[in-house]
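# Structural description and commentary
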Amino acid sequence: MRAILSLVIVPLVLSGSFATQYRPPPVSHTNFPKGFLFGSATASYQVEGAWNDTDKGESIWDHITHNNPNFIAEQQNGDIADDSFHKFKEDIRIMKDIGFKSYRFSISWPRVLPTGKVADGYSKTGLNYYTELIDELLANGIEPLVTLYHWDLPQALQEERGGWLNPNISDYFADYADFMFSKFAPKVKYWITINEPLSIVNGYGDDARAPALKELHGIGEYVAGHNLLLAHSKAYKLYQDKYSHNLGKISMAFCGSYCAPASDSVEDIEAAERCYQFTFGWFIHPVLKGDYHPLLRSIIDENSQWEGRKTSRLPYFSQQEIDQLKGSADFLGLNYYTMLLAKPGLAGLDPSDQRDSRVVTLWDPSWKPTVASWLRVAPEGLRMLLNKVKNDYGNPEVLITENGYPDDGSDPLNDTERINYYETHFAAIRQAIYEDGCNVVGHTSWSLMDNFEWRDGYKAKFGIFSVDFNSPNRTRTMKKSAYWLKNYIAMHDYL
Ligand code: PNW
């Protein structure tokens, strides 16, 4: 339609007629599609605090921050964090004030199941907290987007045969998911089983996250990743079998830095594809197609053989597991922060997933750095990612489950760079929707408020609300970006 219009308009432009003034409105002036889920996101360990309230179990993050305080910048921990356990009603008030339609939060597995196992009993206080949170959201017209696992594994399960390395873990997770579905399926329409399997496996082959088992590199990340996929598919199947009449939708939240080729050479184009398949594709491909992408399969099998191993470092799925994994997502949850340029080369520990990918990455000098060494501002990567999933997987429904900008809080409320980040990323999403035909149904900003940023403690701040961590009240204050978002949503939403 747009092409036809411009054919008509061009001759008029040349003639200088008054009619030449008409142009279809720029994409930036259009509303988002009806029902678009603007929202914000947090995660249990990063905001809740109340780490030992009544019978809550210890998580691997409680454990590592208490037993190895130097693991975290300034020896911080999430014991109190934003105290959202006590302040969730205020949190909901402030999101409502911004105009958010959805809230993505996670359930702390050990808060509900102290040992991680349903058979050992659940915590009434824990369950009650999430019941009240969900009810309060619904009462305020905010859609709960519930993540079942955002990295705070019950420590008891870590101690039992290595957490995500344990062959039984997928059954424990499925039992936990079943328990949560049985309580909340009628109220929750969007479920994320597992947040960022790619980040989780970093704890089983690197020390980027708990449980920091770096010595397992090259093996641990693939075993953990395999079990994460099985856990997801079992939870998905269970929902379909027992709860599908509630019409909820389920996905994982996938992540990576989107990789574009460093040049238009065939080698760089192939390197970018490998980079994608070893990040987003590692998990999206099995969830949609049933098994690992052939690139992963062949490269890791080949490397394992070359290293003299009898079996591949990348485990195999049985036919039954493939059948169960295939199509186990009703939409794609995508976390997007940044992008990279890819070339062929070797980097990372030997062996490791990064080294297996045979990719080295670089930044485009035009991408603005941030306080996070891994994050530069490159909104074009988001549009490319949305097009990649549209083209590769038949245009699935996509929810952008995280997207955000870190600063050091030195000018805490005057966060104009964050505004620029959201403005340019929203523009990229609108182009993807209206110019490329991508099926994006929502966006949750990371994060509603400054919070415990894992190894960076409280130094890197992603919030649109500032939090005073020196005050026992953990006072929340709107940043400029929060005012901006409020206005932006009012202007671009069908209210
Ligand atoms: C996310 N990447 O992790 C997590 O889900 C959040 O808990 C976290 O606070 C947020 O990002 C900000 O760090 C990511 O390399 C880790 O592209 C790595 C990447 C993306 C997200």
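In this report, the structure presented in the accompanying data block is examined. Computed from a prediction, not measured in an experiment: that's the story for all the values here.

Spatially, S1-S2-S3-S4-S5-S7-S12-S13 is the arrangement adopted by the eight strands of the closed barrel, whose pairing is parallel. Sheet twist, expressed as the mean angle between neighbouring strand axes with direction ignored, is 25°. Strand contacts of helix H8 (residues 169–184): strand S3 (143–149), strand S4 (190–195) and strand S5 (249–255), with the helix running at about 160° to S3, the strand carrying the most contacts. This element, helix H12 (residues 280–289), spans S5 and strand S7 (332–335) of the sheet and lies at about 155° to S5.

Now for the site of the ligand. As a matter of local geometry, the ligand sits amid 16 residues, with Gln-46, His-150, Glu-196, Glu-402 and Glu-453 nearest to it. Here an oxygen atom of the ligand sits 2.8 Å away from a polar atom, N or O, in the side chain of Gln-46. For the ligand, the protein covers 91% of the area, taking 460 Å² as the surface of the free molecule. When atom positions are compared with the pocket grids, the ligand is found to occupy the largest pocket. Residue classes in the shell around the ligand are distributed as six nonpolar, six polar and four charged.

Scanning the entire structure with this criterion turns up 46 aromatic pairs. Geometrically, the ring pair formed by Tyr-337 and Phe-462 is edge-to-face, given 5.9 Å between the ring centres and 80° between the ring planes. A residue pair is termed long-range when its members are at least 10 positions apart, and Tyr-337 in the loop between S7 and strand S8 (339–344) and Phe-462 in the loop between strand S13 (440–446) and strand S14 (465–467) qualify at 125 residues. Ring centres of Tyr-421 and Tyr-422 lie 5.8 Å apart, and the angle between their planes is 90°; this geometry places the pair in the edge-to-face category. The buried category is assigned to Tyr-421, whose relative accessible area is 0%. You can call Tyr-422 buried: its relative accessible area is 1%. Taken together, the ring pairs in this structure connect Phe-32, Phe-36, Phe-38, Tyr-405, Tyr-421, Tyr-422, Phe-426, Trp-484 and Tyr-488 into an aromatic cluster. One cation-aromatic arrangement involves Lys-388 over Tyr-276; the distance from NZ or CZ to the ring centre is 4.7 Å.

Here the largest pocket is characterised by a volume of approximately 1,400 Å³. Around the largest pocket sit 48 residues that line it, and Ser-199, Asn-202, Arg-209, Ser-257 and Trp-374 are the ones nearest its centre. Here the lining of the largest pocket gets three residues from one element, more than from any other, and that element is strand S9 (residues 359–362). By residue class, the composition of the lining of the largest pocket is 21 nonpolar, 16 polar and eleven charged. Taken as a whole, the second largest pocket spans an internal volume of roughly 210 Å³. Every residue lining the second largest pocket is listed: Glu-302, Asn-303, Trp-306, Glu-307, Arg-313, Leu-346, Asp-350, Pro-351, Arg-355, Asp-356 and Arg-358. The set of elements that each furnish at least two residues to the lining of the second largest pocket consists of helix H13 (294–306) and helix H15 (353–356). Considering every element that reaches the lining of the second largest pocket, the biggest residue donor is H13, with three residues. For the lining of the second largest pocket, the residue count by class is three nonpolar, one polar and seven charged.

What counts and how
Residues numbered from 1 in each chain as written. Predicted model: local features only at pLDDT ≥ 70, side-chain atom pairs only at ≥ 80, totals over all residues. Heavy atoms only, no water. Pairing = 2+ DSSP bridges. Helix = DSSP H or I, 4+ residues; strand = E, 2+ residues; numbered from the N terminus. Axes fitted to C-alpha atoms, helices over the stretch in contact; angles between N-to-C directions. Contact = heavy atoms within 4.5 Å. Near = heavy atom within 4 Å. Polar contact = N/O pair within 3.5 Å; in protein donor to acceptor, adjacent residues only side chain to side chain. Areas by Shrake-Rupley, 256 points an atom, 1.4 Å probe, with all protein chains shown as cover. 1 Å grid on protein atoms, 1.4 Å probe; cavity = no way out; pocket = protein on both sides within 12 Å on 5 of 7 lines; lining within 4 Å. Sits in = over half its atoms within 2 Å of the grid points. Nonpolar A, V, L, I, M, F, W, Y, C, P; charged D, E, K, R; others polar. Phe/Tyr/Trp six-rings, centres within 6.5 Å; stacked < 30°, edge-to-face > 60°. Buried < 20%, exposed > 50% of the residue type's maximum accessible area, 1.4 Å probe, protein only. Lys NZ or Arg CZ within 6 Å of the ring centre and 35° of its normal. Points joined across faces, edges and corners; volume = space filled by probe spheres on them.

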